[in-house]
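The lines below spell out each chain.
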Amino acid sequence: MENAGTPAKKKYRLDIIIIAAILLVSLSLLLIVTLSKEEGSVVVVEIDGTTVATYPLDKNAEYSLNGGSNVLVIKDGVAYMNYSNCPDHTCEKTGKIRYVGQTIICLPNKIAVTIKGDNAEGGVDFVS
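Residues numbered from 1 in each chain as written. Predicted model: local features only at pLDDT ≥ 70, side-chain atom pairs only at ≥ 80, totals over all residues. Heavy atoms only, no water.

### A word on the pattern of salt bridges
Turning to step 1, where the next piece is worked out: Taken as a whole, this structure holds one salt bridge when the rule is applied.
Turning to step 2, where the next piece is worked out: With a closest N to O distance of 3.8 Å, Glu39 and Arg98 form a salt bridge. Here Glu39 is found in the loop between helix H1 (2–35) and strand S1 (42–47), whereas its partner Arg98 is found in the loop between helix H2 (90–93) and strand S6 (103–106), with 59 residues between them in sequence.
Turning to step 3, where the next piece is worked out: The class for Glu39 is partly exposed, based on a relative accessible area of 49%. (Salt bridge = Lys/Arg side-chain N within 4 Å of Asp/Glu carboxyl O. Helix = DSSP H or I, 4+ residues; strand = E, 2+ residues; numbered from the N terminus. Buried < 20%, exposed > 50% of the residue type's maximum accessible area, 1.4 Å probe, protein only.)

### Details of the packing of aromatic side chains
Turning to step 1, where the next piece is worked out: Counted according to the given criterion, the structure contains one aromatic pair.
Turning to step 2, where the next piece is worked out: Residues Tyr55 and Tyr63 carry aromatic rings whose centres are separated by 3.6 Å and whose planes lie at 15° to one another, so their mutual orientation is stacked. Like Tyr63, Tyr55 is buried. (Phe/Tyr/Trp six-rings, centres within 6.5 Å; stacked < 30°, edge-to-face > 60°.)

### Some remarks on unusual backbone geometry
Turning to step 1, where the next piece is worked out: The backbone of Asp48 shows a phi angle near 55°, a positive value even though the residue is not glycine.
Turning to step 2, where the next piece is worked out: Checked against the element boundaries, Asp48 lands in the loop between S1 and strand S2 (50–56).

### A closer look at the side chain of Asn109
Turning to step 1, where the next piece is worked out: Relative to the elements of secondary structure, Asn109 occurs in the loop between S6 and strand S7 (111–116).
Turning to step 2, where the next piece is worked out: Excluding residues that lie within four positions of it along the chain, Asn109 makes contacts with Ile47, Asn66, Ser69, Asn70, Ser84, Asn85 and Cys86. (Contact = heavy atoms within 4.5 Å.)

### Details of the state of the cysteines
Turning to step 1, where the next piece is worked out: Tallied over the full model, the rule gives zero disulfides.
Turning to step 2, where the next piece is worked out: The thiol of Cys86 is unpaired, and the distance to the nearest cysteine sulfur, on Cys106, comes to 3.8 Å.
Turning to step 3, where the next piece is worked out: The cysteine Cys91 is free of any disulfide, with Cys106 supplying the nearest cysteine sulfur at 3.8 Å. (Disulfide = S-S within 2.5 Å.)

### Some words on the pairing of S1
Turning to step 1, where the next piece is worked out: With five of six residues buried, S1 is to be regarded as a mostly interior element.
Turning to step 2, where the next piece is worked out: Pairing of S1 with S2, which is carried by six bridges, proceeds in the antiparallel orientation. Bridging from a neighbouring strand, Val44 pairs with Thr54 of S2.
Turning to step 3, where the next piece is worked out: Hairpin remark: S1 followed by S2, antiparallel, with two residues in the connecting loop; positive phi at Asp48, about 55°.
Turning to step 4, where the next piece is worked out: As judged from the six bridges shared by S1 and S7, these two strands associate in the antiparallel manner. (Pairing = 2+ DSSP bridges.)

What follows is the structure, encoded as structure tokens:
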């Protein structure tokens, strides 16, 4: 009878080892991504795929975009969409962005607001 319980215990131990390994890898990746974030220095605004403006993140200001269809606010090193005349307001709900690669998109108005770093070319980041 003792042998009947042994394979179940081994299977249970193996399950715990696999779960622990997955958690360890996940936490390691989360730590790497969190520590590798770089704060941006400029906000690049594109309308319909064309870059129309670049604003510094260190200067507090409010900008009317696309003829007033959107209002971009830069304050205390973060950028966010304060107003949009689109029906879903998803760009307003995106929240504040400050790290290189973060983007606010307004599809109905064809506006993309992206944070860039000192290397304005963008390039490929770790997550890509």
